[in-house]
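Residue-level listing of the chains:
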Amino acid sequence: MSQNSIPDFFVYGEPVRPLDVGFLHVETVLARGSIHHGEVAAHKHPQMGQISYWTSGSGTYRIEDRSWDFSAPAVSFVPSNVVHGFSIGPGTDAIVVSVADDALAALAGHSLLPLDRPVFADGLPHHAAWTRLAAVLDMIAAEYTEAQAGNDKVLPALIAVALSHIARLSPGGTTSTTSSEASLALGLRRLVDAHFRDNWPVDRYVETLATTPHLLDKAARAVLGSGVKRVVSERRLLEAKRLLLFTIRTVEDIAYEIGFDDPAYFSRFFRARVGEAPAAWRRKQLQGH
């Protein structure tokens, strides 16, 4: 551990840059093998989500503080600003589809998968959804590579179908939220990502999203699984875990970084939610990695 921040990338190994509206990018993991050599360190993408569909081989995939040992087929969806990485063996490959946040927002009403949180699925290789997902991802890769006329309309539709198949394969199953709820919840998540350090009151989120407290709380509970205050609290906890696990910053420094004026209060906040003090949690996690 020698870094003080978690790196942001455009695609892995490339610095962040502004994205065109509706940006899409498709490539294989092996295409960047000369950069990562099978070890992709913890990182995040601030402006886009990613589907990674593992077509061969095996490895370990990490999202935030969780990890999975997998063998193909396996698939993940990781929204923007979610920390992830992986270690893979020789010959392991995946199709990676990167989609700008604005394009994902437009797909929210056409996908069974909630687009606000990460998911990882593997196992049951003979499940029909794997065959269908593989066919859709192959079509996405072909459309992207061949760049035929009209692929700006075809690709988003195919990506919505792929996301829906991921929902069917994921442990949480499908969701029945409406597109308006999903859109409002995604808007809340983006605002919380930007302002969780600023201690915004709930009314500020309501006003900025031009909604009502009832509608915002309803959307948050339906899509994100908890009310607005809890969403903000969980985001602060997530950032604390990220910084404890992936940086060498002190507990006091992390407390100030995520908006706490009192490091002792931050420690009580962390202990109440995790069951142990930040420093103890960090030691335990690093011993397991």
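Heads up: the structure comes first, above all this text.
Residues numbered from 1 in each chain as written. Predicted model: local features only at pLDDT ≥ 70, side-chain atom pairs only at ≥ 80, totals over all residues. Heavy atoms only, no water.

A look at the overall build of the protein chain
Put simply, the rule is: Per the convention used, a helix needs a DSSP run of H or I reaching at least four residues, while a strand needs a run of E reaching at least two, with both numbered from the N terminus. The globule rule is 2.2 Å times the number of residues to the power 0.38, and the radius of gyration it is compared with is taken over C-alpha atoms. The classification of residues rests on relative accessible area computed with a 1.4 Å probe and restricted to protein chains. Under 20% of the type maximum is buried, over 50% is exposed, and intermediate values are partly exposed. Residue contacts follow a heavy-atom distance rule, with two residues in contact if any of their heavy atoms lie within 4.5 Å. Neither His nor the chain ends contribute to the count of charged residues, in which Lys and Arg are positive and Asp and Glu negative. In plain terms, the charge of a residue is placed at NZ if it is Lys, CZ if Arg, CG if Asp and CD if Glu.
Of the regular secondary structure elements, the protein chain holds eleven helices and nine strands. The C-alpha radius of gyration of the protein chain comes to 19 Å, within 12% of the 19 Å expected for a compact globule of 289 residues. Principal axes of the C-alpha set define a box for the protein chain whose edges measure 55 × 45 × 35 Å. Buried positions account for 50% of the 289 residues belonging to the protein chain. By sequence separation, contacts in the protein chain at least 24 residues apart represent 72% of the contacts at least 6 residues apart. Looking at charge distribution, the protein chain has the averaged site of its 28 positive side-chain charges lying 7 Å from that of its 31 negative ones.

Describing the nonpolar core
What counts, and what does not: The term nonpolar core refers to a set of buried residues drawn from Ala, Val, Leu, Ile, Met, Phe, Trp, Tyr and Cys, joined through side-chain atoms within 4.5 Å.
The biggest cluster of nonpolar side chains holds 34 residues, and the ones touching the most others in it are Ile 51, Val 97, Leu 133, Ile 140, Ile 159 and Leu 163. In terms of residue count, helix H4 (residues 151-169) provides more of this core than any other element does, nine residues in total. Excluding residues within four positions of it along the chain, Val 97 makes contact with His 25, Val 26, Gly 49, Gln 50, Ile 51, Leu 137, Ile 140 and Ile 159. The next biggest cluster of nonpolar side chains, apart from the first, holds 33 residues, and it includes Ile 6, Leu 184, Ala 185 and Phe 246.

Concerning the sheet that holds strand E5 (residues 66-71)
Inclusion rule: Think of it this way: DSSP has to see at least two bridges between two strands before they count as a pair. Axis definition: a line fit to C-alpha positions, over the contact stretch in the case of helices; interaxial angles, taken between N-to-C directions, run 0 to 180 degrees.
Ordered in space as E2-E7-E4-E5, the four strands form an open sheet in which the pairing is antiparallel. Looking at the sheet topology across the chains shown, the edges are occupied by strand E2 (39-43) and E5. Here the average twist between neighbouring strands, direction ignored, is 15 degrees. As paired strands, strand E4 (residues 58-63) and strand E7 (residues 84-88) are joined by five bridges and run antiparallel to one another. Looking at the pairing, Ile 63 lines up with His 84 of E7.

What about the packing of aromatic side chains?
Our working rule: Side-chain rings of Phe, Tyr and Trp, where Trp is taken by its six-membered ring, are said to pair if the distance between their centres is within 6.5 Å; with planes under 30 degrees apart they count as stacked, over 60 as edge-to-face, and otherwise as tilted. Placement of a charge over a ring requires the Lys NZ or Arg CZ to be within 6 Å of the ring centre, with the centre-to-atom vector within 35 degrees of the ring normal.
Under the definition given, this model contains 14 aromatic pairs. Each ring, one from Phe 270 and one from Trp 281, has its centre 5.8 Å from the other, and the planes form 70 degrees; the classification is edge-to-face. Within this pair, whereas Phe 270 is found in helix H10 (residues 263-274), its partner Trp 281 is found in helix H11 (residues 278-288), the two being separated by eleven residues in sequence. Just as Phe 270 is buried, Trp 281 falls in that class too. Grouped by ring-pair contacts, the aromatic residues Trp 54, Tyr 61, Trp 68, Phe 70, Phe 86 and Phe 120 constitute a single cluster. The residue whose ring lies beneath Arg 236 is Phe 260, and the NZ or CZ to ring-centre distance is 4.1 Å.

Section: H10
Formally: Helix span, expected: 1.5 Å multiplied by one less than the number of residues in the helix. Note that the arc is computed from the directions linking the helix axis to the C-beta atoms.
Compared with an ideal rise of 1.5 Å per residue, which puts twelve residues at 16 Å, H10 spans 16 Å between its outermost C-alpha atoms and is within 8% of the ideal. Pro 263, Phe 266, Phe 269 and Phe 270 are the residues of H10 that are buried. In an axial view of H10, the angular spread of the buried residues amounts to 115 degrees, which keeps them on one side of the axis. Where H10 is buried, its residues meet helix H8 (228-246), helix H9 (251-257) and H11. Positive phi shows up at Gly 275, right after H10, with a value of about 95 degrees.

Re the sheet that holds strand E3 (residues 48-56)
A sheet is described by the order of its strands in space; here five strands give the open sequence E1-E8-E3-E6-E9, paired in antiparallel fashion. Either end of the sheet is taken by a strand with one partner, and the two such strands are strand E1 (24-28) and strand E9 (119-122). Each adjacent strand pair in this sheet contributes to an overall mean axis angle of 10 degrees, direction not counted. Where strand E6 (residues 74-78) and E9 come together, four bridges link them in antiparallel fashion. Counted as the bridge partner of Phe 77 is Val 119 from E9. Set on the sheet, helix H3 (residues 128-146) makes contact with E1, E3, E6, strand E8 (93-100) and E9; between it and E1 the angle comes to about 110 degrees. Docked against the sheet, H4 engages E1, E3, E6, E8 and E9, running at close to 70 degrees with respect to E3.

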